[in-house]
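# Observations on chain architecture
Chain by chain, the residues run as shown.
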Amino acid sequence: MQPRELPGFYYDVEKNRYFPVKAPIPGSSSSTCLSKPPSPPKPGNKICKRIGIRTTKLLRSRELCGSVIPFKKGKCNFEEECLKFLASQPLVWKYQDTSRIGDGALEQISTNINTLDGQSLIDVLLTGGVNGYLSLYEVAEAEQHFDYGVKCMPDRVWTPVMEKQTEYSKAVGHICRPRGASLAMQSSISCIKMVGKQSPCTIADGSTIQHVLITTLGSETTGGSVYVLDLMRPLDLNPSIPIMRNRMHEVAPFNCTIWTADCNYKRSQAVIGTNMGAALVNLETKVPSWVCRTRSDVLSVQLDQSGNVVLCGLRNGAVVTVDVREKRGGSFARLARHRVPYRTHKISEASSRTVQKFSKQWFELKGKIYPASTFFLPSSISCLLSLQLYDQYFLASSMDGSMKLYDHRLIQRGAVQSYEGHVNSHTRIQLGVDPSERFVFSGGEDRGFRIWSIKSGELLFEDEFSNSVPSTLCWQQTQKFSGELDDTYQYGEMHDLSAWIGSEGGVFRMQWR
């Protein structure tokens, strides 16, 4: 008679009795004594895990309730949650032979090129290195116009979880630097910005950039300078004609360090941040004028959409609002003097003498500023970035790792949103915002790269794919974007977005498909 099978026991024929199963029995089937390895989570479940709803219930709630779905912590938007998931699943490529070319500044633009069939529109990537080299690369997606020069091929360095189980062989296009498309400047490249009449959020297909603002940092022997790269004339395929040298024009030299710059999209003027303050430069007349004077370096500047106000981020942690409209008396008028108090500190009795000895309770600056709009971050300002769709909002980061969103109308009430996880102690790291202004991007001193939701502050992506600090960032500027969130960036359209990331170790491209 065959012994019966009892769950949790096995039958020993020699001893004629049952024994409990405590370990795998030699020779027995692994299906009866070993548990199956856990299957990898499905990508779609990550959305449900974030909001605490099962997939079936999530879809059923969307059918019944529409876009707004109730869950245990309140309500969420279905499309917003899907876009968050897509943002957390980027593909990243690193381009070969691109070390130390984009750690100073990056900018992608569209310009015209002369071909045998007439003029054609191409995308080019302008890179600026701390080593002082300014280079132009053609972004070859489908076809390459320049058949000579240095070709840099992409290698995939990061694959999202949803693609690891499937074959995803399609890569981004390579980039090519034509002969004569690199120029050695006198010092490090500190900024590359587009100059034009259009705001970045209104750029449409077919539009070209005619001028590019470029600034150099300066060195021990020479100060920084402001240049304009002229792209009004189409690029030429003739390898004997230098692309960069004949198009670069110096606008204004300075006897100081130029840390950063920003352009006005409605007027032909730029503002620069230096170790002596902030200056306004007319790109047509080449006449500079100081709008703010301070002993604390201006490490970041950001013009508002009107071009009348500039935010200045200082080394002492202050963010100052300056009116840059022409004052009475012209450029020779005296700047008003202000004494701005530092933020209050809670000092213990034991350390009060030391702090009072080495720190002041106020600092002095000159210019037409708004004292009520001045506020401080805990450390030196790393980056300021205004939102285009919500012109009163701007992002600010400092060198202690703080990263916050502010409303310019409610400065004294503090930050609107904070973003945790940013790592910084002494590096000027650029922030980036996608064209729909839903997500903010930044590298960190731990060599990691992170993506947050601007609205909720949620950290969506965090990974280390670079062997050096990702310090520069720019978006592909040929994206269609009309400025209307509800009608343009709906679910799934984030697949078309692409960002460039620069570090000392190389240039990366992040894309969503």
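Residues numbered from 1 in each chain as written. Predicted model: local features only at pLDDT ≥ 70, side-chain atom pairs only at ≥ 80, totals over all residues. Heavy atoms only, no water.

All right, on to the packing of aromatic side chains then. Taken as a whole and judged by the stated rule, the model has 17 aromatic pairs. Geometrically, the ring pair formed by Tyr342 and Phe363 is tilted, given 5.5 Å between the ring centres and 40 degrees between the ring planes. Of this pair, Tyr342 sits in the loop between β25 (337-341) and α6 (349-358) while Phe363 sits in strand β26 (residues 362-367); the two residues are 21 residues apart in sequence, bridging distant segments of the chain. The class for Tyr342 is partly exposed, based on a relative accessible area of 26%. With a centroid separation of 5.8 Å and 45 degrees between ring planes, the pair formed by Phe449 and Phe465 is classed as tilted. With Phe449 in strand β34 (residues 449-453) and Phe465 in the loop between β35 (459-463) and β36 (472-475), the pair connects residues that are 16 residues apart, well separated along the chain. The pair formed by Phe449 and Phe465 is uniform in burial state, with each residue classed as buried. Within the aromatic cluster, the residues linked to one another by ring pairs are Phe441, Phe449, Phe465, Trp475, Phe508 and Trp512. A cation over an aromatic ring shows up here: Arg293 above the ring of Trp290, its NZ or CZ 4.1 Å from the ring centre. A cation sits over an aromatic face here: Arg339 above Trp362, 3.6 Å from the ring centre. (Phe/Tyr/Trp six-rings, centres within 6.5 Å; stacked < 30°, edge-to-face > 60°. Helix = DSSP H or I, 4+ residues; strand = E, 2+ residues; numbered from the N terminus. Buried < 20%, exposed > 50% of the residue type's maximum accessible area, 1.4 Å probe, protein only. Lys NZ or Arg CZ within 6 Å of the ring centre and 35° of its normal.)

A few words on the confidence of the model for the protein. Mean pLDDT over the protein stands at 81; residues scoring 70 or higher make up 75%. Low pLDDT (under 50) marks residues 345-358, which in the prediction has two contacts with non-local residues, meaning those over four places away or in another chain. (pLDDT = per-residue confidence, 0-100. Contact = heavy atoms within 4.5 Å.)

This next bit is on the sheet that holds strand β30 (residues 403-407). Reading across from one edge, β28-β29-β30-β31 is the order of the four strands in this open sheet, with antiparallel pairing throughout. The open sheet terminates on both sides in strands that have one partner only, identified here as β28 (381-386) and β31 (417-418). The sheet contact formed by strand β29 (residues 393-398) and β30 spans five bridges and is antiparallel. Bridge assignment links Leu395 to a residue of β30, and that residue is Leu405. (Pairing = 2+ DSSP bridges.)

You can see Gln412 is positioned in the loop between β30 and β31. Under the relative-accessibility criterion, Gln412 is labelled exposed at 58%. Placed 39 residues apart in sequence, Gln412 and Ser373 show a C-alpha to C-alpha distance of 7.2 Å. Look past the residues within four positions of Gln412 in its chain and what remains in contact with it is Ala372, Ser373 and Thr374. Looking at Gln412, its side chain comes within polar contact range of the main-chain oxygen of Ala372, at 2.3 Å. (Polar contact = N/O pair within 3.5 Å; in protein donor to acceptor, adjacent residues only side chain to side chain.)

Further remarks concern the pairing of strand β22 (residues 298-303). Burial analysis of β22 places six of its six residues in the buried class, the great majority of the element. In the sheet, β22 pairs with strand β23 (residues 309-314) via five bridges, with the strands oriented antiparallel. Within β23, the residue paired with Gln302 across the bridge is Leu311. Joining the antiparallel neighbours β22 and β23 is a turn of five residues, in which Gly307 adopts a positive phi near 80 degrees.

The next subject is the pattern of salt bridges. Summed over all chains, the structure comprises ten salt bridges. Here Arg447 makes a salt bridge to Glu464, at a shortest N to O gap of 3.3 Å. With Arg447 in the loop between β33 (439-443) and β34 and Glu464 in the loop between β35 and β36, this residue pair connects regions lying 17 residues apart in the sequence. Classification of Glu464 as partly exposed rests on a relative accessible area of 43%. Linking Arg450 and Glu462 is a salt bridge whose minimum nitrogen-to-oxygen distance equals 3.0 Å. Of the two residues, Arg450 sits in strand β34 while Glu462 sits in strand β35, which places them twelve residues apart along the sequence. On the accessibility criterion, Glu462 (47% relative accessible area) is partly exposed. Through salt bridges with shared partners, a single ionic network connects Asp323, Arg325 and Lys368. (Salt bridge = Lys/Arg side-chain N within 4 Å of Asp/Glu carboxyl O.)

Right, let's talk about the side chain of Asn424 for a bit. Here Asn424 shows up in the loop between β31 and β32 (431-433). Of the polar contacts made by the side chain of Asn424, one reaches the backbone nitrogen of His426; its length is 3.4 Å. There is a polar contact of 2.7 Å between the side chain of Asn424 and the backbone oxygen of Thr427. For Asn424, the residues in contact, after removing those within four places along its chain, are Ser382, Ser398, Met399, Asp400, Gly401, Ile429 and Glu445.

Before going further, it helps to spend a moment on the environment of Pro253. Along the polypeptide, Pro253 turns up in strand β17 (residues 248-253). Using a relative accessible area of 59% as the deciding quantity, one classes Pro253 as exposed. Through-space distance from the C-alpha of Pro253 to that of Thr216 is 9.6 Å; in sequence the pair is 37 residues apart. Setting aside residues up to four positions removed in sequence, Pro253 forms contacts with Gly224 and Ser225.

Most of β23 is tucked away, with six of its six residues classed as buried. Side chains Val309, Leu311 and Gly313 of β23 all project onto a buried face; the interleaved residues Val310, Cys312 and Leu314 project onto the opposite face, where all are buried too. The sheet contact formed by β23 and strand β24 (residues 318-323) spans five bridges and is antiparallel. By the bridge assignment, Val309 is partnered in β24 with Asp323. Connecting β23 to the next strand, β24, in antiparallel fashion are three residues, including Gly317 with a positive phi near 95 degrees.

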